[in-house]
Amino acid sequence: IIKYVDAQTNFEVDVSFNVTSGVEAATFMRTEMRNQPAIRPLTLALKQFLGMRSLNEVFYGGLGSYSIMCLVISFLQMHPL
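Once a new chain begins, its residue numbering starts again from 1 and follows that chain's sequence as written. For a predicted model such as this one, the threshold for reporting local features is a pLDDT of at least 70, and the threshold for listing and counting side-chain atom pairs is 80 or more; totals across whole chains, interfaces and linings nevertheless cover every residue. Computation of side-chain values covers all heavy atoms of the structure but excludes hydrogens and water.

S.K.: If you had to explain the overall build of the chain to someone new, which residues and values would you point to?
M.R.: Within the chain, the secondary structure is distributed over three helices and two strands. Its helices and strands in sequence order give the chain the pattern β-β-α-α-α, from N to C terminus. Dimensions of the chain along its principal axes, counting C-alpha atoms only, are 40 × 30 × 25 Å. Looking at the chain residue by residue over its 81 residues, the buried ones come to 16%. Put simply, of all contacts in the chain between residues at least 6 apart along the chain, 46% involve residues at least 24 apart. Here the chain displays about 6,700 Å² of accessible surface, and carbon together with sulfur accounts for 61% of that area. In the chain, 6 side chains carry a positive charge and 6 a negative one; their mean positions are 7 Å apart. Counting from the N terminus, the helices are DSSP H or I runs at least four residues long and the strands are E runs at least two residues long. Buried residues are those whose accessible area, probed at 1.4 Å on protein chains only, stays under 20% of the maximum for their type, while exposed residues exceed 50% and partly exposed ones sit between those limits. Whether two residues are in contact is decided by their heavy atoms: any pair within 4.5 Å suffices. A 1.4 Å probe and the Shrake-Rupley method give the accessible areas. Residues count as covered only by the protein chains that appear here. Counting rule for charge: Lys and Arg are taken as positive, Asp and Glu as negative, and neither His nor the chain ends is counted. The atoms used to mark charge sites are NZ of Lys, CZ of Arg, CG of Asp and CD of Glu.

S.K.: Describe in detail the pairing of strand 1 (residues 2–5), supporting the description with residues and values.
M.R.: In terms of strand pairing, strand 1 meets strand 2 (residues 12–15) through four bridges, oriented antiparallel. Residue pairing across strands places valine 5 opposite glutamate 12, the latter belonging to strand 2. Paired strands, in this sense, are two strands between which DSSP finds at least two bridges. Counting the residues between successive antiparallel strands, the hairpin from strand 1 to strand 2 contains six residues, one of them, asparagine 10, with a positive phi of roughly 65 degrees.

Structural data, given as structure tokens:
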């Protein structure tokens, strides 16, 4: 995985090579977000919360975006109301 920060937007980007599971994961997440609209705002709020506490970087023991989304999806499945 190569990590960099885009100079114009200041977004952090991770790029991986020779891995096809990313496409499958993105398709799964897109489908789940269509089925449950609450996933996006809950994930963004949790990402902000973890980012403020420097717990958003997997390399340092935090949670990555995919893990956070899986956590939110699981929560919504267990508590559908």
